[in-house]
Amino acid sequence: MTVDNLLLCLLGAFLGTIVGVLPGLGPTTTIALLLPISLRMDVTGAIILLSGIYYGVAYGGTITSVLMRIPGEASSVVTCLDGYEMARKGRAGAALGIAAIGSFIAGTFGILGITFLSPLLARVVLSFGPGEYAAMMFAGLCLIMFFAQSGVLKALLMASIGLALGTIGLDPITNEARLTFGLPDLIDGVNVAPLAIGLFGISEILMLARTREDASSVMAPPSRLLAFLPNREEARASVAPIARGSVLGFVVGLLPGGGAVLASFLSYAVERRLSKYPEQFGKGAIAGVAGPESANNSGTAGAFVPLLTLGIPSNAVTALLLGAFLIHGVVPGPLIMTQHPEVFWGVIASMYLGNVILVLLNVPLIGLFVRALDIPRAYLATMILCVCVIGVYSTNLSTFDIGLTVMFGFAGYMFRRADYDLSPLILAFVLGPTFERSLRQLLLITDGDLLGGLWERPIALSLVALGLALLGTGIAGLGRRYTHDD
């Protein structure tokens, strides 16, 4: 409850909403840009700021989805279908209002889930050894690749690149330099800031340069606060979708590769299947707004559980948050509640407060947020470039890092142009060192007998089997699809 932390929570929620409104900019790019700035902050304040951006984006994306039929964020894609149709019928206020109410309820449910589930999960993980940790990391990577938007094979390639980048620097066991190519700047490995800012920040500038300005008209938001309230029929039709979306989103958020995007799509599919009038979906059904908007906010909260208690990020955003933790010397995992309770409970407390701030910000200031769309793309790209270069240089005062950032930026641009998902790369890069260290510790304990070591650990064996099954299923499904196409 310090003034600094309260202001950082407010700033994070505000920035997150702005980022959600601006098409093309997402939480991953923004958090990557702010990583170097967060180094100058207290660890609790830094995570509060970055977390506020993450859960604020889902609110902002709703505004453009309803008023312009342009999703400001991927998790708001589904909202375009019915939210924009409601706006065309003169119910834009009701669509935005029910989205804000559903998001608040689902966000609160998700935060309660973090509060009560995290300590229980942490106690279970405390009994894990190197074998269980290595297997858990392997299963997490397989889940991420299985759910990747670009397909299993492309995700496998991205994850392999991420794992290879994670091995640059000193060997964790022998302390010998490897893959440094004789460059002293690579002795400590590749820093997460140049990699993240290059992949998401610089590549975003290059993508913006290729696309034309969108001249889409913006529907005027309601001018009266009462216009944001749904009528009695709309409120009654939204109760069940909000409840289902809250639970479904939180469960999906727990899964590596899940999160807000997958949660919103699944919620829309569920609501359409359960509806007595499925033909109304896509034509302005209030359930098509209430369910997905609740699910994406609950999914955002659910993604914090594996991050905080297991040290496993479930998507690219939480991977960057994990990088922020590690940069500040805090290792997320089962011991974070005892070793750094001020960080763990401070972040959760800020999420409760941030949820209230977002509701208070979003309803009366919608007109202001929509004005952010008037920023010319040339100015926006220039500002992003300046923040990228200054942020990377300020991390280590190294021009070498700027060169790395530019290189990763062009690589990220080419991958995005070829329809490769960058999330598996950054996730594998962050998880790779822990995975390698745990695996090599297991091999040292078992004298190199990997199968024997896993056989004696049922939990580890089950996780490895799950990961292999997911990979096999994804590759087999891909083969069947190609065969069918031929």
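Anything mentioned here points back to the structure above.
A brief structural summary.

Quick notes on the rules
- Residues numbered from 1 in each chain as written.
- Predicted model: local features only at pLDDT ≥ 70, side-chain atom pairs only at ≥ 80, totals over all residues.
- Heavy atoms only, no water.
- Core = buried A, V, L, I, M, F, W, Y, C linked by side-chain atoms within 4.5 Å.
- Buried < 20%, exposed > 50% of the residue type's maximum accessible area, 1.4 Å probe, protein only.
- Contact = heavy atoms within 4.5 Å.
- Helix = DSSP H or I, 4+ residues; strand = E, 2+ residues; numbered from the N terminus.
- Expected span 1.5 Å × (residues − 1).
- Arc of directions from axis to C-beta.
- 1 Å grid on protein atoms, 1.4 Å probe; cavity = no way out; pocket = protein on both sides within 12 Å on 5 of 7 lines; lining within 4 Å.
- Points joined across faces, edges and corners; volume = space filled by probe spheres on them.
- Nonpolar A, V, L, I, M, F, W, Y, C, P; charged D, E, K, R; others polar.
- Polar contact = N/O pair within 3.5 Å; in protein donor to acceptor, adjacent residues only side chain to side chain.
- Phe/Tyr/Trp six-rings, centres within 6.5 Å; stacked < 30°, edge-to-face > 60°.
- Axes fitted to C-alpha atoms, helices over the stretch in contact; angles between N-to-C directions.
- Parallel < 35°, antiparallel > 145°, perpendicular 65-115°, else oblique.
- Left-handed = near helix turned anticlockwise from the far one by under 90°.
- Patch = residues over 30% accessible without salt bridge, like charges linked within 9 Å, V, L, I, M, F, W, Y side chains within 5 Å.
- Areas by Shrake-Rupley, 256 points an atom, 1.4 Å probe, with all protein chains shown as cover.
- Salt bridge = Lys/Arg side-chain N within 4 Å of Asp/Glu carboxyl O.

## Section: the nonpolar core
1) Next: Ranked by size, the top nonpolar core spans 79 residues in total, and within it Ile-114 and Leu-195 carry the most contacts.
2) Next: Residue contacts for Leu-195: discarding those within four places in its chain leaves Leu-165, Val-190, Phe-408, Leu-425, Ile-426 and Phe-429.
3) Next: Ala-135, Leu-310, Leu-431 and Phe-435 belong to the second-largest nonpolar core, a separate cluster that totals 25 residues.

## So, helix 7 (residues 152–166)
1) Next: Counted at 1.5 Å a residue, the expected span for helix 7 with its 15 residues is 21 Å, and the 21 Å between its end C-alpha atoms agrees.
2) Next: All buried positions along helix 7 are accounted for by Val-152, Ala-155, Met-158, Ala-159, Gly-162, Leu-165 and Gly-166. Take helix 7 and look down its axis: the buried residues cluster within an arc of 145°, on one side only.

## What about the layout of surface pockets?
1) Next: A volume near 1,200 Å³ is recorded for the second largest pocket.
2) Next: Looking at the second largest pocket, it is lined by 49 residues, and the ones nearest its centre are Leu-326, Val-430, Pro-433, Thr-434 and Arg-437.
3) Next: If you list the elements that add at least two residues to the lining of the second largest pocket, you get helix 6 (130–147), helix 7, strand 1 (169–170), helix 13 (316–327), helix 18 (399–417) and helix 19 (423–445).
4) Next: The element that contributes the greatest number of residues to the lining of the second largest pocket is helix 19, accounting for 9 residues.
5) Next: Its residues assigned to classes, the lining of the second largest pocket comprises 29 nonpolar, 14 polar and 6 charged.

## Some words on the side chain of Asn-297
1) Next: Along the chain, Asn-297 turns up in helix 11 (residues 287–302).
2) Next: Only 2.7 Å separates the side chain of Asn-297 from the side chain of Asn-296, close enough to count as a polar contact.

## Digging into the packing of aromatic side chains
1) Next: A full pass over the atoms with the stated rule returns 5 aromatic pairs.
2) Next: Geometrically, the ring pair formed by Tyr-54 and Phe-304 is tilted, given 5.8 Å between the ring centres and 40° between the ring planes. One end of the pair, Tyr-54, is in helix 3 (residues 43–67); the other, Phe-304, is in helix 12 (residues 304–310), with 250 residues separating them in the sequence.
3) Next: Here Tyr-54 falls in the buried class, since its relative accessible area comes to 6%.

## A short note on the packing of helix 4 (residues 79–88) against helix 11
1) Next: The contact between helix 4 and helix 11 brings their axes to 8 Å, and the two run at 135°. As summarised for this structure, helix 4 and helix 11 are arranged oblique, according to the angle between their axes. Classified by chirality, the crossing of helix 11 by helix 4 is left-handed. Packed against helix 4, whose contacting residues are Thr-79, Asp-82, Gly-83 and Met-86, the element helix 11 presents Gly-288, Val-289 and Glu-293 at the interface.
2) Next: The residue inventory of the contact of helix 4 with helix 11, partitioned by class, reads 2 nonpolar, 3 polar and 2 charged.

## Brief notes about helix 11
1) Next: For helix 11, with 16 residues, the first-to-last C-alpha span of 22 Å sits near the 22 Å given by 1.5 Å per residue.
2) Next: In terms of residue burial, helix 11 counts as a mostly covered element, since 16 of its 16 residues are buried.

## Observations concerning a nonpolar patch on the surface
1) Next: A cluster of nonpolar side chains, namely Ile-101, Phe-104, Ile-105, Val-356 and Leu-360, defines an oily patch on the protein surface of about 400 Å² accessible area.
2) Next: Only helix 5 (92–125) and helix 15 (341–362) provide two or more residues apiece to the nonpolar patch.
3) Next: A per-element tally of the nonpolar patch places helix 5 first, with 3 residues.
4) Next: Considering the arrangement of structural elements, one finds Phe-104 in helix 5.
5) Next: The class of Phe-104 is partly exposed, set by a relative accessible area of 31%.

## Structural notes on unusual backbone geometry
1) Next: Despite not being glycine, Leu-179 shows a phi value in the positive range, around 55°.
2) Next: By secondary structure assignment, the location of Leu-179 is in the loop between strand 2 (177–178) and helix 8 (192–210).
3) Next: The residue Phe-181 is not glycine, and still its phi comes out positive at about 55°.
4) Next: Tracing the backbone shows Phe-181 in the loop between strand 2 and helix 8.
5) Next: By relative accessible area, which is 70% here, Phe-181 ends up exposed.

## As for the environment of Lys-89
1) Next: Position of Lys-89 among the secondary structure elements: in the loop between helix 4 and helix 5.
2) Next: Look at Lys-89 and you get exposed, because its relative accessible area is 55%.
3) Next: Separated by 194 residues in the primary sequence, Lys-89 and Lys-283 place their C-alpha atoms 9.7 Å from one another.

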